[in-house]
Amino acid sequence: HGCHPVAFFSKEKVSVMDYNLACILTLPPYQRRGYGRFLIALSYELSRLEGKAGTPERPLSDMGLVGYRSYWAQVLLRILQTHRGAIS
């Protein structure tokens, strides 16, 4: 009950490599509930508001790679579901 942390991310204010995300962590009891995808989406939205294209810091951990693949699969599926007409 009440408020408690479930996940966090860190973002570099100035990144020579245009990283939009330096670190992301979802605490173990809260993994596989969408918090990681939410934080990835938030990091991209913050980059968009800053007028920057961004990418996560490399190399990605094994779990980071799973999280980003899940995020982008969800984004692409949403686009395909709402698209009308032929796709070429």
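As a starting point, this report considers the structure included with it.

Analysis parameters
Residue positions are counted from 1 within each chain, in the order its sequence is given. Given that the model is predicted, a residue must reach a pLDDT of at least 70 before its local features are reported, and side-chain atom pairs must reach 80 or more before they are shown or counted; all residues, however, enter totals for whole chains, interfaces and linings. Neither water nor hydrogens contribute to the side-chain values; these are computed over all heavy atoms in the structure. The way it works is that DSSP assigns letters per residue, a run of H or I at least four long becomes a helix, a run of E at least two long becomes a strand, and they are numbered from the N terminus. Type-normalised accessible area, obtained with a 1.4 Å probe on protein chains alone, sets the label of each residue: buried when under 20%, exposed when over 50%, and partly exposed for intermediate values. Contact between two residues is taken to exist if any of their heavy atoms lie within 4.5 Å; hydrogens are not considered. Note on areas: Shrake-Rupley with a 1.4 Å probe; residue coverage comes only from the protein chains shown. Counted as positive: Lys and Arg. Counted as negative: Asp and Glu. His and the chain ends are not counted at all. One atom stands in for each charge, and that atom is NZ of Lys, CZ of Arg, CG of Asp or CD of Glu. Residue types Ala, Val, Leu, Ile, Met, Phe, Trp, Tyr and Cys, when buried and joined through side-chain atoms within 4.5 Å, form a set referred to as a nonpolar core.

**Brief notes about the overall build of the protein chain**
Counting its secondary structure elements, the protein chain contains 2 helices and 4 strands. Its helices and strands in sequence order give the protein chain the pattern β-β-β-α-β-α, from N to C terminus. Scored against the burial criterion, the 88 residues of the protein chain give a buried share of 20%. Pairs at least 24 residues apart make up 61% of the contacts formed inside the protein chain by residues separated by at least 6 positions. In the form shown here, the protein chain has an accessible surface area of approximately 7,000 Å², with 62% of it arising from carbon and sulfur atoms. If the 11 positive side-chain charges of the protein chain are averaged to one point and the 6 negative ones to another, these points end up 11 Å apart.

**Some words on the nonpolar core**
One finds Leu21, Ile40, Tyr44, Tyr68, Tyr71 and Val75 forming the largest nonpolar core, which totals 6 residues. Elements supplying a minimum of two residues to this core: α1 (35–49) and α2 (62–82). For this core, the element with the most residues is α2, which contributes 3 residues. Leaving out residues up to four positions away in the same chain, Leu21 has contacts with Phe9, Ser10, Ile40, Ser43, Thr55, Pro56, Glu57 and Tyr68.

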